Amino acid sequence: MKKVIFFIPIEHGKIGGAERRELRVFKELLKYENSELQFHAIITNRDNIESINIDLSREINENKITFLYDIKSYENKLLKKFKKVLFLFTKTKKMRLFSRKKNEKLILYFTVNPSIYSYFLPRISRIENYILFVADSSFEHTYSKKTLLGKYYRFKSLKNASLIITLSEEIKNQLIHCIPILKNKEINVYPGSFTDFSKINTNFNTKEYIYDFVLIGRWDFGKGHDLLFEALKLIASWDKHHLIGRIGIFGFGPREDYIKNEINKLRNYFKIDAYEITDPFSILSKTKFSLSLQKFNNYPSQVVLESLASGVKVIATNVGETKKFKLIELNMGYIIDYDKYSLAHQMIECIQNDHYYLDYNEKLRIHEIAKKEYSIEKIIYFMLKIIEKI
């Protein structure tokens, strides 16, 4: 029987690190299509294709990608949710989901987190087989803050899934702690992660730095923006010589107003750029140090992998399974406590000491370690084995 797998990276309105990772997996898996295995992807907006820095034009032309609907980012949350459900009921009948053929098994693969999509789509399409990926490293915290309705459709999505994948062992433990019934469910842990090495220019030019530090990630709670601003206020009171040059805070999300206001307060002390980017590698190639300051479990972080692949050392908070990156052991970065003093001291130390700056050979060494440890091949092997189980 032929299996047709639909990648659905559409938990949020815009595409972030987790969605970027899974669409790269989707593109790679297309090479493994045969008479018994096919892949398709369902994406919210056509505009999202431009934001992921992955060439999917061929897949669009070959009808491997379906665009679900268009929801504007400025609409209020209640209206967004209503429109999402409305579109699911009115638009999905035109999708490949409803044109199954004889001797075909259709499988949905929700690649980010349980959501209204993972609750409604299997019911609307009457597809019983679906895989649910949980990538939220703060699932326990997020789940506790949800309304009863929000908890309900997450619970039902997880309970009814054919198979669950978690991004790390820590997230698996959080799932079981929040929903004990999942102890009897098959939960597979993702084998690390990977990044897109084809986008990286390894002719590392260490003389063309623009940023001393960058923080790349969704502008949301728990992503480290509060910690960075508190540390910068400390540094402003200590550093009378303005040792730190330009800083980049790149992303998008619900805390945009807060971030812009905090930057405005610091404008007399630091030069800070803040906007949405589509290509993290273009920024990292001009960066001295990358910051990974999440408050919750931070493994495996796409931005950390993209930084290491670019030969950039990382300052990361010691949360969850971050230690698995072996930043200190392999001399690829620094681990700090989630504390403003720890971060401020580390940032000052990095800038004050010349030996912290990376020459070409050092950047290439870090790039090669990342390439060896975080290749896509082991992910593809894992996914093909997962599909065999269903």
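Residues numbered from 1 in each chain as written. Predicted model: local features only at pLDDT ≥ 70, side-chain atom pairs only at ≥ 80, totals over all residues. Heavy atoms only, no water.

Colleague: Help me get a handle on the environment of Gly224, residues and values and all.
Modeller: Among the secondary structure elements, Gly224 is positioned in the loop between strand E8 (211–216) and helix H9 (225–238). Judged by its relative accessible area of 1%, Gly224 is buried. Separated by 114 residues in the primary sequence, Gly224 and Tyr338 place their C-alpha atoms 8.8 Å from one another. Those residues in contact with Gly224 that sit more than four places away from it in its chain are Leu215, Leu293, Gln294 and Tyr338. (Helix = DSSP H or I, 4+ residues; strand = E, 2+ residues; numbered from the N terminus. Buried < 20%, exposed > 50% of the residue type's maximum accessible area, 1.4 Å probe, protein only. Contact = heavy atoms within 4.5 Å.)

Colleague: Could you give me a rundown of the sheet that holds strand E5 (residues 130–134), with the residues and numbers involved?
Modeller: Where strands meet in a sheet, backbone hydrogen bonds hold them as pairs that are either parallel or antiparallel. In space, the 7 strands of this open sheet follow the order E3-E2-E1-E4-E5-E6-E7, with parallel pairing throughout. Looking along the sheet, the strands with just one partner apiece sit at the ends: strand E3 (65–67) and strand E7 (187–189). Pairwise comparison of adjacent strand axes, ignoring direction, gives a mean angle of 20° for this sheet. Of the strand pairs in this sheet, strand E2 (residues 37–43) and E3 are connected by 3 bridges, and their pairing is parallel. Within E3, the position partnered with Ile42 by the bridge is Thr66. (Pairing = 2+ DSSP bridges. Axes fitted to C-alpha atoms, helices over the stretch in contact; angles between N-to-C directions.)

Colleague: Could you give me a rundown of the pattern of salt bridges, with the residues and numbers involved?
Modeller: In this structure the tally under the stated criterion is 17 salt bridges. Of the charged contacts in the structure, one is a salt bridge between Arg21 and Glu22, with a shortest N-O distance of 2.9 Å. You'll find Arg21 and Glu22 in the same group, each marked buried. Taking the shortest distance from any N to any O, the salt bridge between Glu59 and Lys27 comes out at 3.4 Å. Placement of Glu59 in helix H3 (residues 57–61) and of Lys27 in helix H1 (residues 17–29) is noted, with a sequence separation of 32 residues between them. Taking the relative accessible area as the measure of exposure, Lys27 reaches 29% and is therefore partly exposed. Shared partners join several salt bridges into a network, and the residues in it are Glu230, Lys233, Glu262, Lys265 and Lys340. (Salt bridge = Lys/Arg side-chain N within 4 Å of Asp/Glu carboxyl O.)

Colleague: Lay out the sheet that holds strand E9 (residues 246–250) with the relevant residues and their values.
Modeller: On the basis of which strands lie adjacent, the open sheet formed by 6 strands has the order E10-E9-E8-E11-E12-E13 and parallel pairing. Edge positions in the sheet fall to strand E10 (271–275) and strand E13 (333–336), since each has one partner strand and no second. Neighbour to neighbour, the strand axes of the sheet diverge by 20° on average, direction disregarded. Across 4 bridges, the pairing between strand E11 (residues 287–292) and strand E12 (residues 313–317) is parallel. From the neighbouring strand, Phe289 faces E12, where its bridge partner is Lys313. H9 rests against E8, E9, E10, E11 and E12 of the sheet, and its axis sits at about 165° to E9.

Colleague: Explain unusual backbone geometry residue by residue, including any values.
Modeller: Its identity is not glycine, yet Arg126 carries a phi of approximately 60°, on the positive side. In this structure Arg126 comes out as exposed when scored by relative accessible area, which is 70%. A positive phi angle is found at Asn331, which is not glycine, with a value near 55°. Position of Asn331 relative to the elements: it lies in the loop between E12 and E13. Looking at Asn331, the relative accessible area reads 37%, which means it is partly exposed.

Colleague: I'd like a description of the layout of surface pockets, backed by residues and values.
Modeller: Rolling a probe over the atoms, with the probe sized like a water molecule, indicates the empty space that remains. Space inside the second largest pocket adds up to approximately 330 Å³. Glu28, Asp196, Phe197, Ser198 and Ile376 are, among the 17 residues lining the second largest pocket, the residues nearest its centre. Looking at side-chain class alone, the lining of the second largest pocket contains 5 nonpolar, 3 polar and 9 charged residues. (1 Å grid on protein atoms, 1.4 Å probe; cavity = no way out; pocket = protein on both sides within 12 Å on 5 of 7 lines; lining within 4 Å. Points joined across faces, edges and corners; volume = space filled by probe spheres on them. Nonpolar A, V, L, I, M, F, W, Y, C, P; charged D, E, K, R; others polar.)

Colleague: Lay out helix H10 (residues 256–265) in plain terms, naming residues and giving numbers.
Modeller: Along an α-helix, residues three or four positions apart point the same way, because every turn accommodates 3.6 residues. Residues of H10 that are buried: Ile259, Glu262 and Ile263. An end-on view of H10 places all buried positions within 100° of arc, on one side of the element. Counted as exposed and oriented over 90 degrees from the buried face of H10: Asp257 and Lys265. Along its buried surface, H10 packs onto H9, E9 and E10. (Arc of directions from axis to C-beta.)

Colleague: Please provide a residue-by-residue account of the nonpolar core, values included.
Modeller: Soluble globular proteins: nonpolar side chains tend toward being buried together. The biggest cluster of nonpolar side chains holds 57 residues, and the ones touching the most others in it are Phe7, Val25, Phe39, Leu158, Ile165, Tyr190 and Met383. Among the elements that line this core, the one with the most residues is helix H15 (residues 377–388), at 6 residues. Ignoring sequence-local partners within four residues, the contact set of Ile165 consists of Tyr109, Ile131, Leu132, Phe133, Val134, Asn188, Tyr190, Phe382, Met383 and Ile386. Residues Phe213, Ile249, Ile348 and Cys350 belong to the second largest nonpolar core, which totals 32 residues. (Core = buried A, V, L, I, M, F, W, Y, C linked by side-chain atoms within 4.5 Å.)

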